[in-house]
Every structure is written in structure tokens, then in C-alpha cells.
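What the coordinates show
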Amino acid sequence: GWDCIPSIQEYRLQRRAFLRGAIGTIQSSSPTRVNERKFLLLAVNDIQSILDAAREGVSIIGTNIAAEWSLSGKALVLDYDTNESNANAHNGGIMDLNDEHYTRDSL
């Protein structure tokens, strides 16, 4: 399944091709009811995989990302700053709240 293929860059295209093929097979089995079908993935545990699944037509995506990150002291960051110098400031949308910088700010 989806979660058995690593989410690292070199396997992303394979994961997407697998999903595209599975959806295509299901849709071709009943072409008259294609618009009635919704596709679901559970246990998607990284943001890139969520985006990849959405790009391939999955409309319901389950994840426990928020709980995992919260337990490890991390938060989701959506940085819409267009300044390229800040692009790597947040590691792939994850802010490590255990970082001393954030501890000092909260005091």
C-alpha cells in the first residue's frame, strides 16, 4: 500500500504512479459511475504525501500528523512570506518548539 513505499523524493513518482493506476483501475471497472466515487487514504504521515495524494485525486485523506508532532514538540507552519531567504527557516513546514529560541520567546 501507499504507506509501504518510502516518501523520500526518489520514490514519490512511484507512489503517485501506483495511486494513479489504482484509481484508474477502479474507475474503469464502472465508467458510468466515475463521478460518484470518492477515494480515501488513511495513515498519511507527512505533508508531501498529503499533497501528492490530493494531486492524484484522493478526496479524503486521514492522518495523525498533528498528534505525532504535538507529542514531539513540533507545530505545523504555513509560511506565506515570499522572501526566498526565509524558505528554509522552517524545516518542510515543521517548527521545532523544543528549540531554545521559542522557549526564550515564551518567557
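Treat the numbers as computed from the prediction; the structure is a model and nothing was measured.

**Describing the nonpolar core**
In terms of nonpolar packing, the biggest core is built from 7 residues, these being L19, I23, F39, L41, V44, A53 and V58. Sequence-distant contacts of F39, that is, excluding residues within four places in its chain, are made with I23, I26, Q27, G57, V58, S59 and I60.

**Digging into the confidence of the model for the protein chain**
Residue-level pLDDT values for the protein chain average 77, and 71% of them are 70 or greater. For the protein chain, per-element mean pLDDT is lowest for helix 4 (residues 100–106), which scores 62, and highest for strand 2 (residues 60–61), which scores 90.

**Points about helix 1 (residues 9–29)**
Here helix 1 is 21 residues long and its end C-alpha atoms lie 31 Å apart, about the 30 Å a rise of 1.5 Å per residue gives. Regarding helix 1, the residues found buried are R12, R15, R16, L19 and I23. Down the axis of helix 1, the smallest arc covering the buried residues is 95°, so these residues share one side. Opposite its buried face, helix 1 presents the exposed residues E10, L13, T25, S28 and S29, each directed more than 90 degrees away. In the core, the buried residues of helix 1 are packed alongside strand 1 (40–41) and helix 2 (47–55).

**Focus on the environment of I5**
Mapped onto the secondary structure, I5 falls in the segment before helix 1. In sequence terms I5 and F18 are 13 residues apart; their C-alpha atoms lie 9.7 Å from each other. Look past the residues within four positions of I5 in its chain and what remains in contact with it is Y11, R15 and F18.

Thresholds applied
- Residues numbered from 1 in each chain as written.
- Predicted model: local features only at pLDDT ≥ 70, side-chain atom pairs only at ≥ 80, totals over all residues.
- Heavy atoms only, no water.
- Core = buried A, V, L, I, M, F, W, Y, C linked by side-chain atoms within 4.5 Å.
- Buried < 20%, exposed > 50% of the residue type's maximum accessible area, 1.4 Å probe, protein only.
- Contact = heavy atoms within 4.5 Å.
- pLDDT = per-residue confidence, 0-100.
- Helix = DSSP H or I, 4+ residues; strand = E, 2+ residues; numbered from the N terminus.
- Expected span 1.5 Å × (residues − 1).
- Arc of directions from axis to C-beta.

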